[in-house]
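Understanding the architecture of this molecule
The primary structure of each chain is shown beneath.
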Amino acid sequence: MNRIERTKWFLDDRFGMFIHWGLYAIPARGEWVRSREKMSVEDYEEFFEEFNPTNYNPKEWARAAKAAGQKYAVLTTKHHDGFCLFDSKLTDYKATNTPAKRDLIKEYVEAFREEGLKVGFYYSIIDWYHEHYPAFGDRNHPMRDNEDFKDKNIDFDQYLEYMHGQVRELLTNYGKIDIMWFDFSYDDMTGEKWRATELINMIREIQPDIIIDNRLGGNIKSSNPEIYAGDFYSPEQIVPPGGIVDENGEQIPWEACITLNDNWGYHSKDKNYKSPKQVIRTLVECVSKNGNLLLNVGPDAKGLIPDESIEILEVVGKWMRRNGESIYGCTASSLPKPEWGRYTQNGNKLYAHVYDRGIGPIYFAGLKGKIKKARLLADGSELHVQTPWMAEQYSDIESGAFINLAGAQLPDEMDT
Ligand code: FHN
């Protein structure tokens, strides 16, 4: 199966849930808290000793994602702090050894599959806990600066054996997995420094259909990418202005990962949430540029997705129930971006996302005589293709068409 075949479902689904969860939910100051605050192993250990998310019910998470219109999810199996949410046989630093005594990943996979969502694993190739993970390059991770290793006998290959072994565990012990989301290469720590070709060959052997992001390194834009360049590009906290193409101008699958507030992991004081309208327009913008949106939630230490996130997802879901046809299976349109909003397209169906209705009918450049009928997606009501009186006087619009929105209440204007 090639990349086009592997990513077809992904490009149809368009909208997923990212979930950052782990010990860092207890200090509740984001997933980099240990590094940023230079906590000692002992300081951070207390969170390991107390981690017990009594309200963790991934069925609730799955239902929230499904109701929001999300078709897949990616959950952190291990973040940079090295703590494993799964019952790895290669470490004691795992959820089954905390008061939780649960394989949190097993429960996640079962719950999301039961709701019909595809499941993905996020796995950090950076590891601040493993004794043989040193810092490389000038982007030392404060918890592992060279001072820590001056007198220690580091054998990085032992870390790589551990890392590859855990990826094998994850892709062997939990059934079919749809996405492997690695995070992240940097400076000279990229590609074969992770023994990436060997790792990808192993992954493809165990889960041939799985899709993999581009963060093992390698140049996915190259017409002859390294085997570990991945199946999709993973822009973060940005929608690439012109989408993403390779050196031949061919579309590359991509997925923008975006936080709902300013943190990936739970941060109890971060109330800077995006509005539902911002989320919906970001989703439309991604699809209008041939991309996906992976929207993040950071559950708290009890295992609950914050109420603010749930409320946003509920409004997004209400919009998706009316307008999801303009997202799922859609791509960019070949038409130039209209003044009043954005286009998405699916075959001969063109979807007009009208952000600014202006006055009078809205104008569709280049579509004179090409619009057979128009319907308001939100309620299926008929809209009239209507050339306004005197329009012929404006030569620049002679190739255009007009649709009269008079009386139509646009989704943005509805109470969603
Ligand atoms: O350092 C991580 C960060 O904590 C978060 O997981 C994001 C999500 O894509 N990735 C890295 C930053 O690029």
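If you're wondering where the values come from, they're calculated on a predicted model, not measured in any experiment.

**Notes on helix H9 (residues 196–206)**
Buried within H9 are the following residues: Ala 196, Leu 199, Ile 200, Met 202, Ile 203 and Arg 204. Here the buried face of H9 lies against helix H1 (3–6), helix H8 (156–173), strand E4 (179–183) and strand E5 (211–212).

**Some words on the site of the ligand**
Of all residues adjacent to the ligand, which total 14 residues, the nearest are His 20, Glu 31, His 80, Asp 183 and Glu 236. One nitrogen or oxygen atom from the side chain of Glu 31 is found 2.6 Å from an oxygen atom belonging to the ligand. Burial of the ligand by the protein amounts to 89% of the accessible area it has alone, namely 320 Å². Among the residues making up the shell around the ligand, the classes are represented as seven nonpolar, three polar and four charged.

**Considerations on the pattern of salt bridges**
Counted under the stated rule, the structure contains 23 salt bridges. Of the charged contacts in the structure, one is a salt bridge between Arg 195 and Glu 161, with a shortest N-O distance of 2.4 Å. Residue Arg 195 is found in the loop between E4 and H9, and its partner Glu 161 is found in helix H8; the two are separated by 34 residues along the sequence. Through salt bridges with shared partners, a single network forms among Asp 157, Glu 161, Arg 195 and Glu 198.

**Considerations on the pairing of strand E1 (residues 15–19)**
Of all the five residues making up E1, five are buried; the element is thus mostly covered by neighbouring parts of the structure. Residues of E1 alternate between two faces, with Phe 15, Met 17 and Ile 19 on one and Gly 16 and Phe 18 on the opposite face, all of them buried. Strand direction decides the pairing type here: E1 and strand E7 (residues 291–297), joined by five bridges, are parallel. Residue pairing in the sheet places Gly 16 in a bridge with Leu 294 of E7.

**Let's talk about the sheet that holds strand E10 (residues 362–364)**
One key point about sheets: their strands pair by backbone hydrogen bonds, in either a parallel or an antiparallel sense. The sheet built from four strands is open, its strands ordered E10-E13-E12-E11 with antiparallel pairing. The outermost strands of the open sheet, each flanked by one partner alone, are E10 and strand E11 (374–376). Strand-to-strand, the axes of this sheet are offset by a mean angle of 40°, without reference to chain direction. Note: E10 against strand E13 (residues 401–404), three bridges, orientation antiparallel. Within E13, the residue paired with Tyr 363 across the bridge is Phe 402.

**Remarks on a negative patch on the surface**
Taken together, the side chains of Glu 42, Asp 43, Glu 46 and Glu 50 define an acidic patch exposed on the protein surface. Topologically, Glu 50 is positioned in helix H4 (residues 41–50).

**Quick look at the nonpolar core**
In this structure, Phe 112 and Met 180 are the most contacted members of the largest nonpolar core, which totals 96 residues. Looking at this core, the element that brings in the most residues is H8, giving eight residues. For Met 180, the residues in contact, after removing those within four places along its chain, are Phe 121, Tyr 123, Val 167, Leu 170, Leu 171, Ile 203, Ile 210, Ile 211, Ile 212 and Asp 213. Grouped together as the second largest cluster of nonpolar side chains are 16 residues, Ile 362, Leu 367, Ala 374 and Ala 401 included.

**Structural notes on the confidence of the model for the protein**
Put simply, the protein has an average pLDDT of 92, and 93% of its residues get 70 or more. Under the prediction, the complex receives an ipTM of 0.99, its pTM being 0.96.

**Examining the sheet that holds strand E2 (residues 72–78)**
Spatially, seven strands are ordered E5-E4-E3-E2-E1-E7-E6 in an open sheet, and the strand pairing comes out parallel. Since the sheet does not close on itself, it has two edges, and those belong to E5 and strand E6 (254–259), each with one partner. Two strands pair when backbone bridges link them, and strand E3 (residues 118–124) and E4 are joined in this way by five bridges, in the parallel orientation. Paired with Gly 120 across the bridge in E4 is Ile 179. The strands touched by H8 are E2, E3 and E4; relative to E3, the strand with the most contacts, the crossing angle is about 170°.

The rules we used
Residues numbered from 1 in each chain as written. Predicted model: local features only at pLDDT ≥ 70, side-chain atom pairs only at ≥ 80, totals over all residues. Heavy atoms only, no water. Buried < 20%, exposed > 50% of the residue type's maximum accessible area, 1.4 Å probe, protein only. Helix = DSSP H or I, 4+ residues; strand = E, 2+ residues; numbered from the N terminus. Contact = heavy atoms within 4.5 Å. Near = heavy atom within 4 Å. Polar contact = N/O pair within 3.5 Å; in protein donor to acceptor, adjacent residues only side chain to side chain. Areas by Shrake-Rupley, 256 points an atom, 1.4 Å probe, with all protein chains shown as cover. Nonpolar A, V, L, I, M, F, W, Y, C, P; charged D, E, K, R; others polar. Salt bridge = Lys/Arg side-chain N within 4 Å of Asp/Glu carboxyl O. Pairing = 2+ DSSP bridges. Axes fitted to C-alpha atoms, helices over the stretch in contact; angles between N-to-C directions. Patch = residues over 30% accessible without salt bridge, like charges linked within 9 Å, V, L, I, M, F, W, Y side chains within 5 Å. Lys, Arg positive; Asp, Glu negative; His and termini not counted. Charge placed at Lys NZ, Arg CZ, Asp CG, Glu CD. Core = buried A, V, L, I, M, F, W, Y, C linked by side-chain atoms within 4.5 Å. pLDDT = per-residue confidence, 0-100.

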